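Reading the structure
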Amino acid sequence: MLTQLPKVHKVLFVVDRADLDYQTSREFNYFSPDCVDTTDNTRQLVEQMAGDNRLIVTTIQKLNTAIKKPRHEVAMESLKDKRIVFIFDECHRSQFGETHKNIVKFFTKAQMFGFTGTPIFADNAASNEHGKRTTKDLFQECLHKYVITNAIADENVLKFSVEYWGKIKRKDGTLITEPKLDREFFENPDRISLIVDWIIANHHRKTHGKKFSAMLYASSVDTLITYYDTFKNKRKQGLHDLRVITIFTPGYNEEDQDANGLIGEPDFNISADTSNRSHSRDKLNQFIADYNQMYQT
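Below is a short write-up of the structure.

Concerning the overall build of the chain
A count of helical and extended segments in the chain gives 12 helices and six strands. Among the 297 residues that make up the chain, the fraction classed as buried is 36%.

Examining the sheet that holds strand S1 (residues 10-15)
One open sheet accounts for four strands, arranged S2-S1-S3-S4; its pairing is parallel. Among the strands making up the open sheet, the edge pair consists of strand S2 (55-59) and strand S4 (111-114). On average, each strand axis in the sheet is inclined to that of its neighbour by 20 degrees, with strand direction left out of account. In the packing of helix H2 (residues 42-50) onto the sheet, contacts are made with S1, S2 and strand S3 (84-88), and the angle to S2 comes to roughly 155 degrees.

A short note on the pattern of salt bridges
With the rule as written, the count across this model stands at seven salt bridges. Arg43 is the partner of Glu47 in a salt bridge, and the nearest nitrogen-oxygen pair spans 2.8 Å. You can see Glu47 and its partner Arg43 sitting in helix H2, four residues apart, about one turn around the helix. Of the charged contacts, one joins Lys80 and Glu77 as a salt bridge, the two residues approaching to 3.9 Å between their closest N and O atoms.

Describing the environment of Pro119
Structurally, the position occupied by Pro119 is in the loop between S4 and strand S5 (127-128). Given a relative accessible area of 29%, Pro119 falls into the partly exposed group. In this structure the C-alpha to C-alpha distance between Pro119 and Glu90, which are 29 residues apart in sequence, comes to 9.0 Å.

Topic: a nonpolar patch on the surface
A cluster of nonpolar side chains, contributed by Ile148, Val157, Phe160, Val162 and Tyr164, occupies part of the molecular surface with about 550 Å² of accessible area. Note on Phe160: relative accessible area 51%, which makes it exposed.

A short note on unusual backbone geometry
For Gln140, which is not glycine, the phi torsion reads 60 degrees and is therefore positive. Mapping Gln140 onto the fold places it in the loop between helix H7 (135-139) and helix H8 (148-153). The phi dihedral of Lys210 is positive, around 65 degrees, even though this residue is not glycine. As for its placement among the helices and strands, Lys210 is situated in the loop between helix H10 (189-206) and helix H11 (221-236).

Some points on the packing of helix H3 (residues 60-68) against helix H6 (residues 98-106)
Following both chains from N to C, one finds H3 and H6 inclined at 50 degrees, their axes separated by 10 Å at the closest point. As summarised for this structure, H3 and H6 are arranged oblique, according to the angle between their axes. Note that H3 runs across H6; the crossing there is left-handed. For the pair H3 and H6, the contacting residues are Ile60, Leu63, Asn64, Ile67 and Lys68 in the first and Thr99, Asn102, Ile103 and Phe106 in the second.

Some thoughts on the nonpolar core
Core analysis: the largest hydrophobic core is formed by 22 residues, its most contacted members being Met49, Met76, Phe86, Phe88 and Phe107. Elements supplying a minimum of two residues to this core: S1, H2, H3, S3, H6 and H7. For this core, the element with the highest residue contribution is H3, accounting for four residues. With residues near it in sequence (within four places) discarded, Phe107 still touches Met49, Leu63, Ile67, Met76, Leu79, Lys80, Ile84 and Phe86. Within the second largest apolar cluster, 10 residues are counted, among which are Val11, Val15, Val57 and Ile87.

Description of H11
Its 16 residues give H11 an end-to-end C-alpha distance of 22 Å, which sits within 8% of 22 Å, the value for a rise of 1.5 Å per residue. Those residues of H11 not exposed but buried are Thr223, Leu224, Ile225, Tyr227, Tyr228, Thr230, Phe231 and Lys234. Two residues or fewer after H11 comes Gly238, characterised by a positive phi angle close to 75 degrees.

Things to note about the packing of aromatic side chains
If you walk through the whole model with that rule in mind, you get eight aromatic pairs. Relative to Phe186, the ring of Phe185 lies with its centre 5.1 Å away and its plane at 75 degrees, an arrangement referred to as edge-to-face. What makes Phe186 partly exposed here is its relative accessible area of 37%. Following the ring pairs from residue to residue traces out a cluster consisting of Phe86, Phe88, Phe106, Phe107 and Phe139.

Cut-off values and rules
Residues numbered from 1 in each chain as written. Predicted model: local features only at pLDDT ≥ 70, side-chain atom pairs only at ≥ 80, totals over all residues. Heavy atoms only, no water. Helix = DSSP H or I, 4+ residues; strand = E, 2+ residues; numbered from the N terminus. Buried < 20%, exposed > 50% of the residue type's maximum accessible area, 1.4 Å probe, protein only. Pairing = 2+ DSSP bridges. Axes fitted to C-alpha atoms, helices over the stretch in contact; angles between N-to-C directions. Contact = heavy atoms within 4.5 Å. Salt bridge = Lys/Arg side-chain N within 4 Å of Asp/Glu carboxyl O. Patch = residues over 30% accessible without salt bridge, like charges linked within 9 Å, V, L, I, M, F, W, Y side chains within 5 Å. Areas by Shrake-Rupley, 256 points an atom, 1.4 Å probe, with all protein chains shown as cover. Parallel < 35°, antiparallel > 145°, perpendicular 65-115°, else oblique. Left-handed = near helix turned anticlockwise from the far one by under 90°. Core = buried A, V, L, I, M, F, W, Y, C linked by side-chain atoms within 4.5 Å. Expected span 1.5 Å × (residues − 1). Phe/Tyr/Trp six-rings, centres within 6.5 Å; stacked < 30°, edge-to-face > 60°.

Here it is, written out as structure tokens:
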């Protein structure tokens with residue numbers, strides 16, 4: 001609809017990971033065949049920006065490179081004062097660094113829209129070198145809210161149960177206490193082993209005799225790997241027969257320190273260390289092999 005407005009020069013749908021780039025382009029083309037081409041690299045993005053493409057799907061890293069690198073300056077110069085509409089997906093994650101400032105400064109007549117399922121408010125805003133900013137600070141007026149209760153009422157999302165619980169008890173009933181509940185505490189392998197034991201003991205009851213599935217989220221890929229290996233080892237010991245599968249992004253798609261999200265975002269923490277990426281990639285391949293063996297596929 002936006003591309004049909006005569007005053008709009010181009011519409012850019014901007015994501016923060018390369019896998020979302022592909023996924024989003026696929027969804028657009030499913031809705032309207034061949035309506036959009038994904039950009040494989042920055043040079044291709046610049047060509048599409050300078051060409052006749054009305055709708056472009058790209059990553060924020062490539063967009064940032066296009067407006068910062070001198071080699072793209074001539075091609076991008078004519079776009080500075082054009083009315084370009086930017087739609088940022090997952091805008092809670094990738095709009096709090098230098099990149100947002102670069103885009104706003106470069107495109108003088110840009111119109112920004114941000115989509116997020118977890119907006120950043122004053123009480124959950126993290127601080128970085130650019131200060132402590134909220135989603136409202138960056139995108140101003142909230143145009144529309146579609147919350148989980150709306151999705152359940154529309155039957156777009158299944159109902160689910162949320163239960164809060166905190167400290168873990170030992171088998172003798174005593175509480176496990178820790179004076180400082182920091183990251184080291186939560187990611188301690190002994191604590192993870194206790195949580196896995198609790199899940200094994202309560203899974204049948206909590207899922208009403210396995211009528212339901214359950215999802216476990218971890219704070220980082222390393223923690224997720226520890227959970228998975230713990231489940232796997234206890235299954236080998238004959239302690240449970242649960243089917244446990246996992247999925248994660250093994251490494252960061254593109255390195256661009258300016259396109260940084262909030263401090264502490266595990267899947268957007270840019271790092272130059274490649275050893276951990278190769279480790280997580282090897283683990284992912286191993287976990288996929290486990291899945292294929294479990295489901296004969």
